[in-house]
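Chains, contacts and geometry: an overview
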Amino acid sequence: IVWLDDAHWSLEAIEAAARLTEIEAPVLFVLTVRSEELGRSPIQREQLRDYAARSQVVEIEVAPLAPDQMTELLDEALTLNSASRDDLIASTEGNPLQALQRLQLSVQRGDLTTGPDGAVAGQVSPQSPRALWTERLQQLEGDRTPMLAAAVLGDRIDAELWRTLCAACGADTDATIAHRYVEAG
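Described in the following lines is the structure provided in the data block. What you see is a predicted model, and the numbers here were worked out from it, not measured in a lab. (Residues numbered from 1 in each chain as written. Predicted model: local features only at pLDDT ≥ 70, side-chain atom pairs only at ≥ 80, totals over all residues. Heavy atoms only, no water.)

The number of helices and strands found in the protein chain is 10 helices and four strands. Walking the protein chain from its N terminus toward its C terminus, one meets helices and strands in the order β-α-β-α-α-α-α-α-β-β-α-α-α-α. The 185 residues of the protein chain split such that 31% are buried. Nonlocal contacts in the protein chain, meaning residues at least 24 apart in sequence, comprise 58% of its contacts between residues at least 6 apart. (Helix = DSSP H or I, 4+ residues; strand = E, 2+ residues; numbered from the N terminus. Buried < 20%, exposed > 50% of the residue type's maximum accessible area, 1.4 Å probe, protein only. Contact = heavy atoms within 4.5 Å.)

Rendered as structure tokens:
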């Protein structure tokens, strides 16, 4: 199984999947795409449309969560007052990952206050996933190279490979937040 997450951000990933799909091998390619991001990438949108039109490709659209499902998800994470919860649900349009990330960022920023019927959210976080991650990276102090290197390497990071990559970029790895995450596995 080869999973290419956020394929809409990489023309090379789409082209590689298209070429490798033509090889008769027992491989399953899973490309995930955020449809709201395709408007910013017309070339990738066209490439994905061509790729999806192939006979060996099955396209499955995953619909956003319904408001009641989002309510249940958010209530399990943190009790927000109904107005804050409803604003978060409306602004994330049923995207559970984006809703949880915005909630986490609000907690980290200290944007929540306690109210009689749950936490009250302050400022609304950035709208797009890319803007959300950009804001998170900007909060890091010092050299961001180690964190970016970890992001390039994926979910499970080989510590030695990460240190080698950082060294090649001239980044110190010992005193970074990324170091704690990589060492933890």
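We now examine the pairing of strand E4 (residues 118-121). Each regular strand carries side chains that alternate between the two faces of the sheet. The pairing of strand E3 (residues 112-115) with E4 spans four bridges and is classified as antiparallel. Note that in E4 the partner of threonine 114 across the bridge is alanine 119. (Pairing = 2+ DSSP bridges.)

Every buried residue of helix H5 (residues 82-92) is listed here: Ser84, Arg85, Leu88, Ile89 and Thr92. The buried side chains of H5 occupy one side of the element, clustering within an arc of 135° when seen end-on. Facing away from the buried surface of H5 by more than 90 degrees, the exposed residues are Asp87 and Ala90. Buried residues belonging to H5 abut helix H4 (67-77), helix H6 (96-109) and E4. (Arc of directions from axis to C-beta.)

This next bit is on the side chain of aspartate 6. Here aspartate 6 lies in the loop between strand E1 (2-4) and helix H1 (11-21). Ignoring anything within four residues of it in the chain, the contact list for aspartate 6 reads Thr32 and Arg34.

Of note in this structure, aspartate 6 is not a glycine but carries a positive phi near 55°. Taking the relative accessible area as the measure of exposure, aspartate 6 reaches 14% and is therefore buried. Of note in this structure, glutamate 93 is not a glycine but carries a positive phi near 50°. Structurally, glutamate 93 can be placed in the loop between H5 and H6. Among the residues examined, glutamate 93 registers a relative accessible area of 62% and is labelled exposed.

A contiguous nonpolar patch, built from Ile1, Trp3, Leu28 and Val30 and spanning about 460 Å² of accessible area, is present on the exposed surface. Tracing the chain through its elements places tryptophan 3 in strand E1. Look at tryptophan 3 and you get exposed, because its relative accessible area is 52%. (Patch = residues over 30% accessible without salt bridge, like charges linked within 9 Å, V, L, I, M, F, W, Y side chains within 5 Å. Areas by Shrake-Rupley, 256 points an atom, 1.4 Å probe, with all protein chains shown as cover. Salt bridge = Lys/Arg side-chain N within 4 Å of Asp/Glu carboxyl O.)

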